[in-house]
Amino acid sequence: MSETALTPGTPEELAAGLGEAASRRQTITLGGRFSKNRMGGPVAASDVTVSTAGLTRVLTYEPRDLTISVEAGMPWIEFSRLLAANRQMVPLDPPFADLATVGGVLASNSSGPRRRLHGAARDVVIGMKFATLEGKLVQSGGMVVKNVAGLDMGKLLIGSFGTLAALAVVNFKLLPAPEVRRHFVLAFDTAEAAGAAVRAIRQSVLQPASLDLLNPPAAKRLGLDGYVVSVEAGGNPSVIERYERELKQIGPLTVAAIPLQEFTRNFLEEHAGGAVVRISATLSQAPEVVGRLTVPVVARAGSGVCYAHFAGAEAAAETVRGPWIAIMEFAPEALKATLDLWPSPGGDLELMRRIKRMLDPHHLLNRGRLYRHI
Amino acid sequence: MLSPEAKKKLAALLGPRGYLDRPEDLSLYEYDGSVDKARPEMVVFPRSTEDVVAIVKIAREHGVPLVGRGAGTGLSGGAIPRAGGITVGFARMNRILEIDLENERAVVQPGVVNLDITLAVQARNYFYAPDPSSQRACTIGGNVAENAGGPHTLAYGVTTNHVLGLEFVLPDGGLHNTGGKEGDLPGYDLTGLLTGSEGTLALVTKVIVRLMRQPEMVKTILAIYNAAEDCGRTVAEITARAITPVAVEMLDGVMLRMVEEATHAGFPMDAAAVLLIELEGLREAVEEQVEQIREVCQECRAREFRVARSAEERELLWKGRKNAFGAVGRVSPSYYVQDGVVPRTQIAPTLGVIGKVGEKYGLTISNIFHAGDGNLHPIILFDTHRPGDLEKAKNAGEEILRHCIDVGGSITGEHGVGMEKNELMDRLFSSDSLDMIRNFKLLFDPENRLNPGKVLPTGKGCLEIRQFALTGAAPIY
Ligand SMILES: Cc1cc2nc3c(=O)[nH]c(=O)nc-3n(C[C@H](O)[C@H](O)[C@H](O)COP(=O)(O)OP(=O)(O)OC[C@H]3O[C@@H](n4cnc5c(N)ncnc54)[C@H](O)[C@@H]3O)c2cc1C
């Protein structure tokens, strides 16, 4: 990628490294463990590569406060294990969980099935420190769950693909892990029936942690037939029994559980030339997306985000153009430079560019990583 | 100064009922729910986004400062026009534009009163989750600006977790949209940046919010204590046992007596403190958790444990809680509400510190707070007619907030920094962090005309230069 590689060991070193490179007008590739190079815009050639993988400390963890502060390079899997040992969680369920760092999960705004109930990264982060190209460490938020002091600048870094600054420290609010977690899988013959089931669950008093909808090509990859609805519930045993009773009324329960967290990653590992389009649908559009596309689609039917998996980038390029709001979230690295990854950005792109220019006036940091528009 | 010419343009734009400029009318707009004051030169009431754009353009042309205003219930001076100029009141932009239950969304104008959203959807089993105690009066625009919370944010999150998109006008008159009804739109989260920006970056003209399905069961518990420490221990123990109430509110004895006298909600007059705990969810979960909490309360020496038996009983308890500040107003001529936050394990020791601060200044400090998330509202009672009292109250408040900072907390959990706590910001944030906030301010508002003099320290003594940079033309103070 580049001549020089830096792996700073402290947030201060990270800031200094960025500041120094920027003062020399060197272009910078920023990442954690670079597990998601197929995600986002192309990783451009650069003068310096900066990795936050050396920042792995837990800075503060008092389980009784239900908060934690960790450095951005901490492997996600270690982070989850630490919390699990205290029966706590940050239920983002990101893909590439065993390779990713905490910072990478945030920078790519990765999330998974349980976001229906617990939200995405923007909902679980309570504070952060980031290193700027001026070589400074900036704090946003703090270590308490309610805090409105200062601007919530941290929100901008979530999903920014490292184009604004480098995440150095992240503070999360924590949840107690539920006593029991159970999955329920329902299968339907038609998209309409599956869509109706999703709707019935959403409108019921059940509050499942996850609510996913798969079309037959996606279901097939997991050895199932038809349109599949996957639900995860958490709670005490009588709550779980209640879910079972009510879900049975909604549709026939099939297998015990299907592995969804790494669905996309597994697909990409099988398809070297594959591409994944992320569709930002409304809740009511999600079943429609699932019904209309003929490639494997996993819809987070409780939040509207749909992932359509293509064996080749050409077909993906067509779907990303519409009718839904979409980006090509994963694409073959070799093709990225020529693909239109984000064909119809909103009118707010210009404001985003102003923010980019403010933080990176010489356009040095992760050039093009935000789907080639920033 | 607002020139006669600018005034004339605004008057022509809005018509005779669309603005106020007589001193006796303007004096109603010189304060909010906090203790500071400053008078606007004109108050305008746009009816549409187009009106707002036109107003902002006139202000720009004439170089006049602007401040947005919802219901004026803010508790940090957010809506006070510190540098004079135009106050933009959103009272007439109070329509719910769309209710889209299919997508669990509503689109509203900023002047919509918080509670009105829930009222509009509750018959169909939905609600809008952020529920500030002022929800009968405060507006969504004000909530977005302050990133308002409320008792139930313990479980459901604060305003920012429920706002998915915004339409807004920048100080240059540019109209923008960001976010939407859809999940995860690509790009930087501008909605997240603007929410909680205290009306200093943009005027919000439309808000897309999330609606939630009502839970099957709600149980409200009143636990009564003879010692405040036992109350604090209960909160810690609830967390330790992974019980997840949707609200845990604490009221101390002083507060209880004031509230009871005002509302007759059934709070005990002689207790040292009570907890108001709410559980929501599936019947099976709620019933079990009520018992778990009963156990904890008994172990922590609650002298009484009541579960509200009816919706009326429940509402009465909440009315007592939500009207608490009003109840204080009946007793004390003036009061000063703090909004510190501490890590949950610091709640009990912090109560001790607050008690000592009260003794030191000879002021009564009563406590009511969102105990579940460590957000304290010490209420300092004082009398403006007693010389030196306001000064003492402010100093006592500052001392409490310094303690919150020292134990790793924050100076504001939901009321905002405004013009009340901005001088403490440099205790909480490094100068590099404050500089970055300032950079964002100048990016959105290069002439510093939108709600100037808020959030960032205005600087004292040798730091006066900072304030100069912040206000553009001239220092305010
Ligand atoms: C009795 C009482 C109880 C309270 N309880 C709570 C509570 O539980 N939780 C809580 O969070 N707060 C609480 N508050 C504080 C206050 O109600 C909130 O901060 C509320 O969000 C303010 O709304 P408002 O409409 O009154 O805004 P205002 O006070 O009018 O304005 C607040 C800020 O919003 C800005 N603003 C208003 N409209 C717009 C707009 N359209 N565009 C841009 N900026 C705008 C103003 O410029 C100002 O900076 C309480 C206040 C009182 C008096």
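The present account deals with the structure reproduced in this document. All chains use their own residue numbering, which begins from 1 and follows the written sequence. By the order in which they are written, chains take letters starting at A while ligands take numbers starting at 1. This being a predicted model, a pLDDT of at least 70 is required before a residue's local features are given, and a value of 80 or more before pairs of side-chain atoms are given or counted; all residues contribute to the totals for chains, interfaces and linings. Side-chain calculation: all heavy atoms of the structure are included, whereas hydrogens and water are not.

1. As for the sheet that holds strand 15 (residues 297-300) of chain A
Residues and elements named next belong to chain A. Any two strands with at least two DSSP-identified bridges between them are counted as paired. The way it works is that DSSP assigns letters per residue, a run of H or I at least four long becomes a helix, a run of E at least two long becomes a strand, and they are numbered from the N terminus. Read across the open sheet, the seven strands follow the order 11-13-12-15-16-14-17; overall the sheet is antiparallel. Of all the strands in the sheet, the pair left with one neighbour each is strand 11 (180-188) and strand 17 (325-330). When the angles between neighbouring strand axes are averaged without regard to direction, this sheet yields 20°. Two elements, strand 11 and strand 13 (residues 227-235), share nine bridges in a ladder whose sense is antiparallel. Counted as the bridge partner of Val185 is Ser230 from strand 13. Working rule for contacts: check all heavy atoms of both residues, and any pair within 4.5 Å makes them a contact. Orientation is described by axes fitted as lines to C-alpha atoms, over the contacting stretch for helices, and by angles from 0 to 180 degrees between their N-to-C directions. Helix 9 (residues 237-250) contacts strand 11 and strand 13 of the sheet and is inclined by roughly 5° relative to strand 11.

2. Quick word on helix 14 (residues 389-406) of chain B
Residues and elements named next belong to chain B. What a helix is expected to span follows from its residue count: subtract one and scale by 1.5 Å. The end-to-end C-alpha distance of helix 14 is 26 Å, a good match for the 26 Å that 18 residues give at a rise of 1.5 Å each. To sort residues, take the accessible area from a 1.4 Å probe on protein chains only and compare it with the maximum for the residue type: under 20% means buried, over 50% means exposed, and anything in between is partly exposed. All of the buried residues in helix 14 are Asp389, Ala393, Ala396, Gly397, Ile400, Leu401, His403, Cys404 and Ile405. Where helix 14 is buried, its residues contact strand 16 (334-337), helix 13 (347-361), strand 17 (365-370), strand 18 (375-382) and helix 15 (425-428). Note on helix 14: the residue one or two positions beyond its end, Gly408, has a positive phi of about 90°.

3. Details of the sheet that holds strand 12 (residues 217-225) of chain B
All names here are of chain B. Reading across from one edge, 15-12-14-13-17-18-16 is the order of the seven strands in this open sheet, with antiparallel pairing throughout. Taken across any chain shown, the strands that pair with only one partner, and hence form the sheet edges, are strand 15 (302-307) and strand 16. For this sheet, the mean angle separating the axes of adjacent strands, direction not counted, is 15°. As judged from the four bridges shared by strand 16 and strand 18, these two strands associate in the antiparallel manner. For Tyr336, the partnering residue across the bridge sits in strand 18 and is Ile380. The strands touched by helix 9 (residues 253-263) within the sheet are strand 13 (247-252), strand 14 (273-281), strand 17 and strand 18, with strand 13 carrying the most contacts at an inclination of about 90°. On top of the sheet, helix 14 reaches strand 16, strand 17 and strand 18; it is set at about 160° to strand 18, its chief contact.

4. Some thoughts on the nonpolar core
Remark: nonpolar core denotes a set of buried residues (Ala, Val, Leu, Ile, Met, Phe, Trp, Tyr, Cys) joined through side-chain atoms within 4.5 Å. Formed by 137 residues in total, the largest nonpolar core has its most connected members in Phe79(A), Leu106(A), Phe172(A), Val229(A), Met328(A) and Phe440(B). With residues near it in sequence (within four places) discarded, Leu106(A) still touches Ala121(A), Val125(A), Met128(A), Leu157(A), Ile158(A), Gly159(A), Leu167(A), Val170(A) and Phe172(A). Listed in part, the 40 residues of the second largest apolar core include Ile221(B), Val235(B), Leu351(B) and Ile354(B).

5. Here we look at the pattern of salt bridges
The rule for a salt bridge is simple: a side-chain nitrogen of Lys or Arg has to be within 4 Å of a carboxyl oxygen of Asp or Glu. Applying the stated criterion to the full structure yields 59 salt bridges over all chains. Residue Lys248(A) pairs with Glu244(A) through a salt bridge whose shortest N-O separation is 3.8 Å. Remark: Glu244(A) and Lys248(A) occur in helix 9; sequence separation between them is four residues, near one turn of the helix. You can call Lys248(A) exposed: its relative accessible area is 51%. The class of Glu244(A) is partly exposed, set by a relative accessible area of 24%. Notably, a salt bridge pairs Arg245(A) with Glu284(B), separated by 3.6 Å at the nearest N-O pair. With one member in each of two chains, Arg245(A) in helix 9 and Glu284(B) in helix 10 (residues 283-299) form a pair that bridges those chains.

6. Digging into empty space enclosed by the protein
Residue and element names in this part refer to chain A. Of the grid points, spaced at 1 Å and generated over the protein atoms alone, those admitting a 1.4 Å probe that cannot get out make up cavities, while open sets with protein on both sides within 12 Å along at least five of seven lines make up pockets; any residue with an atom within 4 Å of a point is treated as lining. Grid points are joined across faces, edges and corners, and a volume is the space filled by probe spheres set on the points. Per the stated rule, a full pass over the model turns up seven cavities of 30 Å³ or more. Roughly 350 Å³ of internal volume is contained in the largest cavity. Along its surface, the largest cavity is lined by 27 residues, and Leu30, Gly31, Gly32, Gly104 and Ala107 are the ones closest to its centre. Where the lining of the largest cavity is concerned, the elements lending two or more residues are strand 2 (28-31), helix 3 (102-107) and strand 9 (166-173). What the second largest cavity holds in volume is close to 170 Å³. Put simply, the parts of the chain that give the lining of the second largest cavity at least two residues each are helix 10 (263-270), strand 15 and strand 17.

7. So, the state of the cysteines
Residues and elements named next belong to chain B. When the sulfur atoms of two cysteines come within 2.5 Å, that pair is taken as a disulfide. Taken as a whole and assessed by the stated rule, the structure comprises zero disulfides over all chains. Take Cys231: it sits in no disulfide, and the sulfur closest to it among the cysteines is that of Cys297, at 8.5 Å. Given a relative accessible area of 0%, Cys231 falls into the buried group. The closest cysteine sulfur to the non-disulfide-bonded Cys404 is located on Cys231, 18 Å from its own sulfur.

8. A word on the site of the ligand
All names here are of chain B. Definition of nearness: a residue and a molecule or strand are near each other if at least one heavy atom of the residue lies within 4 Å of the molecule or strand. Within the structure, the ligand sits among 35 residues, and Gly68, Gly70, Thr73, Ser134 and Thr139 are positioned closest to it. Within the side chain of Thr73, a nitrogen or oxygen atom sits 2.6 Å from an oxygen atom of the ligand. Here a polar contact means two N or O atoms within 3.5 Å. Within protein one must be a hydrogen donor candidate and the other an acceptor candidate, and residues neighboring in sequence count only if both atoms are side-chain atoms. Between the ligand and Ser133 there is a distance of 2.9 Å, counted from an oxygen atom to a backbone nitrogen or oxygen. Protein chains shield 95% of the accessible area of the ligand, which is 980 Å² for the free molecule. Those elements giving two or more residues to the shell around the ligand turn out to be strand 3 (66-69), helix 5 (140-146) and strand 10 (203-210). When residues in the shell around the ligand are grouped by element, the largest group, five residues, is from helix 5. Each accessible area is a Shrake-Rupley result for a 1.4 Å probe, and residues are judged covered by the shown protein chains and nothing else.

9. Some remarks on helix 1 (residues 4-14) of chain B
Residue and element names in this part refer to chain B. For helix 1, the complete set of buried residues consists of Ala6, Leu10, Ala11 and Leu14. Mapping the buried residues of helix 1 onto a view down its axis gives an arc of 135°, with all of them on the same face. Of the residues in helix 1, the exposed ones pointing more than 90 degrees away from the buried face are Pro4, Lys8 and Ala12. For helix 1, the elements touching its buried residues are strand 1 (19-20), strand 2 (42-44), helix 3 (49-61) and strand 4 (86-89). In this description, the arc belongs to the directions extending from the helix axis to the C-beta atoms.

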